[in-house]
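Results of the structural survey
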Amino acid sequence: MSSSSLASALAAESQPGRPPIVRAEAAGDPASWAAEHRDALRTQIAEHGAVLVRGLGLRGADQVGAVFAALAGDLMTEREAFAPRQVRGRGLYSSAAWPANQPMCMHHELSYALDVPGLLLFACLTAPAQGGATAVADAEAVLRALPAALTERFEREGWLLTRSYNDEIGASLEESFGTDDPAAIERYCRAQAIDFAWQPDGSLRTRQRRSAVVRHPLTGRRCWFNQIAFLNQWTLSPEVREYLVDVYGEDGLPFNTRFGDGSPIGEDVVRLLNSTYEEHTLREPWQSGDMMLVDNIRTAHSREAFSGEREVLVALAEPQRPAGSAAAAAGVSR
């Protein structure tokens, strides 16, 4: 079948409030189907920013790994994780460990790293009984919808991520940096423009300033690209925030975000960001065997609260260093 015929055969179904859905007929060999339809799927991602593939019947980690390799080639090793993951294969991970009853609000994966994944790949092996969708939102549309004065400040200053690594909450040093050797961690931080300070108890605190608005590497269009809302203390449920502040203090929270000049971000700003994301959210409940492909720069994603067992595997691919404002290159705000 020609490339144009394949693209036509894979035309995505679009309905209001739902991500585009492609119906697959894999005939029992999802990896061969993925290799054959790779270019047609890329066309759909370029057009829509994200696409849900239904009908592959994915059933195990080995099968998922083969499909992801057929679509994306070499997969990235995750660094700077904010929550633990289980390694399920080369470049293949479980979903981040996060309480099922707590949503993970919209964000762009590893937007606080210098080199970010351009493509995210998700595969659902077990769909939850209720909830748990991986929803998506168009970053260009979100940027246009936010107040200009706010986005201009973030574009001018960037945003600041502060982290405090401990043995109780979030990813450990080894899970985040791939090692617990202090010298190796310090080398990594220097290479990645991360300010760091070891605490008397041996814990580590870091600060890194990144761009909040970047240009898509293919289209050149400006995208709202960050994790300002997701990693801010005001997105946490009130009881969780109160507990963490009580135990660690505001300066010692496992993660928090600030304006690029170091000023705190108010609850009203975080509420506005999250409500704007919600206005642009597309969601479709997972079905076991589904796959979703997401342009990580153009499209934000979330994980909604759920009940029941849920198993979704994740891979990161196609590292990019997107062009943005001068904020990221300026280093860490002190």
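Here, the structure is the one placed above.
Notes on the structure follow.

Definitions and cut-offs
- Residues numbered from 1 in each chain as written.
- Predicted model: local features only at pLDDT ≥ 70, side-chain atom pairs only at ≥ 80, totals over all residues.
- Heavy atoms only, no water.
- Axes fitted to C-alpha atoms, helices over the stretch in contact; angles between N-to-C directions.
- Helix = DSSP H or I, 4+ residues; strand = E, 2+ residues; numbered from the N terminus.
- Parallel < 35°, antiparallel > 145°, perpendicular 65-115°, else oblique.
- Contact = heavy atoms within 4.5 Å.
- Nonpolar A, V, L, I, M, F, W, Y, C, P; charged D, E, K, R; others polar.
- Core = buried A, V, L, I, M, F, W, Y, C linked by side-chain atoms within 4.5 Å.
- Buried < 20%, exposed > 50% of the residue type's maximum accessible area, 1.4 Å probe, protein only.
- Pairing = 2+ DSSP bridges.
- Lys, Arg positive; Asp, Glu negative; His and termini not counted.
- Salt bridge = Lys/Arg side-chain N within 4 Å of Asp/Glu carboxyl O.

With that out of the way, let us pick up the packing of helix α3 (residues 38–48) against helix α4 (residues 61–72). A packed helix pair is summarised by two numbers, namely the angle formed by the two axes and the spacing between the axes. Following both chains from N to C, one finds α3 and α4 inclined at 75 degrees, their axes separated by 9 Å at the closest point. In terms of axis orientation, α3 runs roughly perpendicular to α4. Residue-level contacts link R38, L41 and R42 of α3 to A70, L71 and A72 of α4. Here the residues of the contact of α3 with α4 are counted per class, giving four nonpolar, no polar and two charged.

Here the focus is the nonpolar core. In a soluble, globular protein the nonpolar side chains are often hidden away together inside. Grouped together as the largest cluster of nonpolar side chains are 48 residues, with contacts concentrated most on F82, F122, F154, W224, I228 and L273. Among the elements that take part in this core, helix α10 (residues 267–279) stands out by supplying four residues, more than any other. Not counting residues up to four positions away in its chain, the partners in contact with F154 are W159, A212, W224, I228, F259 and I265.

So, about the sheet that holds strand β15 (residues 281–282). The strand order β5-β17-β8-β15 describes an open sheet built from four strands, whose pairing is antiparallel. Two strands lie at the open edges of the sheet, namely β5 (104–107) and β15, each paired on one side alone.

Quick look at the side chain of E140 now. Tracing the sequence through the fold places E140 in helix α5 (residues 139–145). With no salt bridge to any partner, buried E140 finds its closest opposite charge in R144, at an N-O distance of 4.1 Å. Each residue touching E140, except ones within four places of it in the same chain, is listed here: T219, R221, R222, C223 and R298.

What follows is about the pattern of salt bridges. Under the definition given, this model contains 18 salt bridges. A salt bridge links E155 to R222; the shortest N-O distance between them is 2.7 Å. With E155 in helix α6 (residues 148–157) and R222 in strand β13 (residues 222–224), the pair connects residues that are 67 residues apart, well separated along the chain. Owing to a relative accessible area of 24%, E155 belongs among the partly exposed residues under this scheme. On the basis of relative accessible area, R222 is assigned to the partly exposed category, the value being 34%. Among the ionic contacts, a cluster of salt bridges with common partners joins R18, R54, E284 and D290.

Structurally, the position occupied by Q102 is in the loop between β4 (92–94) and β5. Ignoring sequence-local partners within four residues, the contact set of Q102 consists of S237, E239, R303 and A305.

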